[in-house]
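Listed here are the chains, written in short residue letters.
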Amino acid sequence: MRYLYLLICFGVAGLLLLISSCKKDFPEDRDSIDPLATFTRTFYDPTLGRNTVFSDNFNGANSSQPLEFTMLNLRRYNGDPAPELTDSIYPIWVWKDGGAYTGKETSLAEIENKRKIENHRVFEIRQHSGQLVTWSGMDLSHIRSQPDSGYKFDVKVSNSGGLNYYYNLRFMPRKAIPYAPSNYNPETGMTTGPAVSYPTNGISLSNVQRLKDGLGMQESEVDVYFTKKGTGNSLTFKFLDSAFAPINPRLFNTTDWPGLVHGFDMKLTDTAVVYQVAYPIPLGPIPTKYTNAAATRAAVTFSYYRKGTAGFGYVCALVFNYAIYEKGDWEIAFQFRNSSPKFSND
Amino acid sequence: MDKIFTVLWLHNPTRLSISRFNKRQGGRLRLHLLLPALLLLMCSIRAGAQKVRGTVFDEQSRLPVAGANVTAGARGVYTDTVGRFEIDAAAGATIAVTHLNYSPATYQVSGGEANIEIYLKLASGALTDVVVQGFTKKSRSLVTGASTVITADDIKDVPAASVTELLQGKVAGVNIQNTSGMPGARGSIFQRGLSNINVTGDGNNAYLASGQPLFIIDGVPIDPNEDTEYGFAQAGGGANPLSVIPPEDIESVEILKDAASTSVYGSRGANGVWIINTKRGRSKVPQITYDGKYIYTAVPPLRDVYGGHLERQIKVNQVLYNNAQTNNAFNWGLATVNANYFLSDSLNPYLNNSVNWQSYFFGPQLNHSHNLRFAGGMSQFDYKVNLNYMQDMGIIKNTGYKRYSAGINSQYQSENKKIRMLTSVNAASELRQNGSGVGLLQTGVGTSGMASTLLPPPNVYTENNTALASFILKDDNKKNTLGANLDLTYEIIKDLRFRSTGSITFNTTSYNIFYPGWLNYGYTQYNTQDRSANTYYNLNMLQYTRRFLKEKHTVSGYVFSDLNVNKSKTTYAQLPSTPNNFISGPFGYDLRAAVYGTLGEPVDVRQFGYGANVSYDYMQKYVFNASFRFDGTSINGPLTGFNRNPMISFRWNIYKEKFAEGWSSWMNSSSIRASWGQTIVPQGNIFMVYGQYYPGSSYNGQPSVLNSFGTEPNAYYKPITNRMTNIGYEGEFFNRKLTIQYDFYYKFVQNNSLLIDVPFETGYSKYPSNDVSWVDYGHELTLNVRPLPRDSKLSWTFGLVGAFNRNILTRLPNDAREWVINPGDQLNLPLLYRLGRSSFSNYLFVTKGVYARNTDVPVDPATNLPMRINGVYLQAGDPIFADLNGDYVIDNRDRVAVGNPVPKLTGGISNFLAYHNFTFNIFTSFTFFRDVLNTPLAYKFQQFYNPLNSTLSGVQAVPPVEEYNYWKAPGDNAVYPNPYTYDHNAAIAAFRYNQTLFQEDGSYFKINSITLGYDFKKELLKRWHLQILRVFLTGSNVATISNYSGPSPEVITDLGRDNPYGYPLARRYTLGVTVTF
């Protein structure tokens, strides 16, 4: 009997040894990181002053997801440290979970409720996706923007399978332009003229006639003036005639004033219409009744009805697509350069 | 007195008996004293006695049995080395023969016999069997390899086209899954884990490459993976190659598992070897045995659908609700419904039916099979003829399987036993109707069977022609198989034998389909495909066996060479516009539009091997066996040369040790085995090695041959190499009431081929690399218990078979850790090879529930964009897919490796009960720890995607989903997304197959068969001049216990995917009779 026990013990021990020694040689179940994985975009030139997300900028090839991205050595082009990017952290408004902005909010507070304050640097990398984000709402005065050579940075990409380094990616931001369409020169950050004029004025007209001669008015005859009047939360629309005298907005008699912008507390006077709004405009790239179809810009339509030649009725409209990225008391003035529109019936 | 008579016959008995006698006698003194008395007695007894000479044979192997104890009355002798004995017995006396390994036998001396033959049946008990190891048969106690023997008793009474179905759950380490209920289909067999992890096809047609073991039927090797060239890797147009042998004719199946047993089979034995022997003639008087089975095949529960008005109501509501709720446009919804006459024109009799389509496809069947066997013979010559007819019409219309087969075998042995000749011929003709699919898949049933119930029932004028087509199509698939074998053994001098065996097989398979014109856009079409395959096999060996030094040492060895030739070719012709709906050719078709030629790549493979095997044992205590084999195949790379495959193995029979002598009261035997060896499996084809060339246009008047730049040739292309280590234990306890067999194996498979992309600069696009490796290791346990005493009236044998297998991928090309297979899969169901995990894993989106409210959808803090799929924003009622990379977009980057489609634990439990003449058997099998993708459930929900299908033939029925917890209103904590937002769901693929929502545990426990049998009493049979009469009642595939919510946890591809078009397994109830005249 003693032999048997000995034998069994010996056998079991040998078997366990064998199994355990075999297991040691198996590769671990670790993530894969492909040496061929690469950034498909190495040059990032966002316009400052707006939230920009660079997506699909990394091809993971055969790597397993999720990956861990870390931005390293964000530095000026000449190699100097860049504390304006690495050290400056600002509290800014970001969107929070719990429902995206839909354009159906009924008060300013409801919109603001969908945002919260988070601390961010101007230029960040998203931890798992490798998306590069520039945030808005910060002091941008120290940031070296184009035509400066900007900054360089490295990225470490890792997962449990290993890590890859990617060196000397470029960050060359463009100067902030507070609104679009704009009259700014992106190189200098200065306006090129007082008004936004044709062909970049973002205006389209239909059936609008000149008061002067009854001819159809061209888009080139309207200039747009963006003016920031304060640091509040309002948006004002004004119409000016060729002599910069205000035109009564009520003349645009078929305009849907309450639904013109996603603003509240509308004050329609003889000279202007004012809304309390949330910035930026548009709030998100989501198509709403206040935006164009692609949701890239807000869209306003000022329209009026008049009887034209031979008693035909016309709906005349001025459509304007725009965006304002900076919070403030903004005023948008449309100046009819040559002649006011004709509002009266023929 | 016993002792005295034994002494008298001292001139004859074996040396063994002398020594025993002397020992027992204790001295010669008493012998001398007794001698005078003996002589006196002897004279008186010899007066009535005669000398009876005879030979004792093993009933199964026909080999003489040495050392059997033959007694007549009080006298006893032992048989010599060729089984002969000579004994004095009076006429009418009974001769009893006993042997340790055999059941006792008796023979009544009638007088005048010159030379009697007595056949011994092997006693049940694992160690007494004679089993095959390598090319030779050995006593179980001398075998160093792991193997399992299944006998006719284990597989009788259950109807099946091939023996594989019957072995499910009966062999440890052999995982058999009946992946299709198609009659005659080939199930999948995995012996000791995966043998090949290549995947062919994609979507629902993705299959794991077939890596089945080598079958040797009566000495004829059968390529188990034949007819898998064209992608139908599991069940092709042809039937299971094993179905050529009716299970009724099978005597035994020996399953060789480890390297020690299979290594000499070299290039073809790496996935295991199954040696199948058919029944042999045994009785001097010819016996005629008839087996008849009458089978009722019942349809398993089918899919539920809403019928008629309810279907219309649901679809209309779906459109209205969806447009009102999500698009806020009720009127638009109303207009959409009105615009779709299929939904709105409810008074149109064409669109106002309630047809149960499945009832047209499915129906129970009555089937039968008959087997007739003539057999007889003696030691010098025996013969058997087996005739079989089997009909198995499938539960799906127009599908079925019929087999006519004939098998003959016979053996001749010269009187001096110097020459032995064994021949066998097995021929079968198999007919298959595939209905509207290739057998495994029933796409016709899948699509037409799920057609809208509102459509009118099938007839010539209706839209649903596919349904009609699957009933009417003349689908005629024939497979004729002929296999013949000749096995010659000649004893040149004592101990030296020469054996030569050769076999040929011929296979012709044809698939013919004729489409009448009214089913095929107005013109007829005849498709025909012919496959012919031949194999030639020859093995020559020289075998030497010698015992020496007081017979304590035995050395035996053999050298051998074998050659295997494998050829196959398929031609295909498509003849459009034949004269009319009744004439399908051969003339009169549209010659210009006809297509004919060779299908796929013709196969012409040769494999040649030679080697030697040596074994040695010391007093049967220590057994050592080693072999070395060289293998060359014509589809190796030329620079790889011959493969060298060594094997070494050892066995220790503990129970023969001196110290174990005292244990014999409770331990009958106990042995430990160990083996290590290498085997190879050829893979790929000759084009992987030499590249592909094609004739180009002429250049300067000379014909040109151009290189095809698809796949780069690999002159070092290697076969798959298996290196297997096996450690086993066998033991019998308590008078063989308990037998245990345990094996641990560790199989390292390397050089599996994978086509990898190569740089553009090489000129080629793919390169066949040999860089995939994995490890299979596992434990196998076979337990047999006979708890009741031997003299109990009720006998009960309980068997448990279980195998635990783990499978780990260890290497990929380019040192990658992960590899996506089929990245562009049409159903988005790629597989993932990932190191450290099971050889292949599912690559899925992780579903974490359903968004209860719109406010639950995460929002990108920078852009305000909610989570989105394909640019569509998610909303309440949508699935929550885990956004792994945090970019607020669900795309292919969010998939993870989850699940293990390879079952980890498989086995079965069997119970044999016998009481008087009644027998009651229950066989069960189980499969545990397997992840299955429930694609039918996903498909069920996907049927809600398109309520507005504009082509009538494509309109689908609506299945009930009430039983599922799906999202209905904001705030619902649901499991399944809202099925009714159809356009949105289709846009975001809410019910995509590749999500963890549909991955389920595919474990199951199945009752394979329950049999109640009755053997008529011998006395009764004598009166009727019958030898055996047995009737039985069997229910097979009776019940499956599983948590799996899909149709069946077994009808699942090897890749772990269920299939909405799968062929369900039928339930069978059989009434059978066995008569022997």
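An unreviewed UniProt entry lists chain A under the name DUF5007 domain-containing protein, with Niabella pedocola given as the organism.

Trainee: Would you mind going over the interface of chain A and chain B in detail, with residue names and values included?
Mentor: Each partner contributes residues to the interface: chain A has 43 residues there, and chain B has 43 residues. Both faces considered, chain A and chain B share a buried interface measuring about 3700 Å² in area, 62% of it formed by carbon and sulfur atoms. Counting the contacts that link chain A with chain B gives 5 salt bridges. Residue A:Asp31 pairs with B:Arg834 through a salt bridge whose shortest N-O separation is 2.8 Å. The tally of links from chain A across to chain B stands at 13 residue pairs in polar contact (both at pLDDT 80 or more).

Trainee: Describe the packing of aromatic side chains, with residues and values.
Mentor: Residue and element names in this part refer to chain A. Summed over all chains, the structure comprises 66 aromatic pairs over all chains. Relative to Tyr 166, the ring of Phe 39 has its centre 5.3 Å away and its plane inclined at 85°; by these criteria the two rings are edge-to-face. Placement of the pair is Phe 39 in strand E1 (residues 38-39) and Tyr 166 in strand E11 (residues 162-171), with a sequence separation of 127 residues. Judged by centre distance (4.9 Å) and plane angle (90°), the rings of Phe 58 and Phe 69 are edge-to-face. In this pair, Phe 58 sits in strand E4 (residues 58-59) while Phe 69 sits in strand E5 (residues 68-76), placing the two residues 11 residues apart along the sequence. Exposure remark for Phe 58: the relative accessible area of 7% places this residue in the buried category.

Trainee: Go over unusual backbone geometry, please, and point to the residues and values.
Mentor: Glycine aside, residues mostly have negative phi angles, and peptide bonds mostly take the trans form. Cis geometry is adopted by the peptide bond preceding A:Pro66, which originates at A:Gln65 and carries an omega value of -5°. Here A:Pro66 lies in the loop between E4 and E5. Note the cis peptide between A:Ile281 and A:Pro282, where omega equals -10°. Positionally, A:Pro282 belongs in the loop between strand E20 (272-277) and strand E21 (298-307). Even without being glycine, B:Phe734 reaches a positive phi, approximately 50°. Even without a glycine there, the phi angle at B:Tyr888 is positive, about 60°. Take B:Tyr888: its relative accessible area is 16%, and that puts it in the buried class.

What counts, and where the lines are drawn
What you see as residue numbers is a count from 1 along each chain, following the sequence as written. The naming scheme follows written order: chains are lettered A onward, ligands numbered 1 onward. Reporting in this predicted model follows two pLDDT cut-offs: at least 70 for local features of residues, and 80 or more for side-chain atom pairs to be given and counted; totals over whole chains, interfaces and linings ignore these cut-offs and use all residues. Excluding hydrogens and water, the side-chain figures rest on all heavy atoms present in the structure. Residue contacts are counted whenever heavy atoms from the two residues lie within 4.5 Å of one another. The buried area of a pairing is the accessible area, by a 1.4 Å probe, that goes missing from both parts when the two are put together, added over both. Definition used for salt bridges: Asp or Glu carboxyl oxygen within 4 Å of a side-chain nitrogen of Lys or Arg. Within 3.5 Å is the distance limit for a polar contact, defined as a pair of N or O atoms, with the added protein rule that one can donate a hydrogen and the other accept it, and that residues adjacent in sequence qualify only through two side-chain atoms. When two rings of Phe, Tyr or Trp (its six-membered ring) have centres within 6.5 Å they constitute a pair, described as stacked for plane angles under 30 degrees, edge-to-face for angles over 60, and tilted for the intermediate range. Counting from the N terminus, the helices are the DSSP runs of H or I reaching at least four residues and the strands are the DSSP runs of E reaching at least two. Think of it in three bands: with a 1.4 Å probe and only protein chains considered, a residue is buried below 20% of the maximum accessible area for its type, exposed above 50%, and partly exposed in between.

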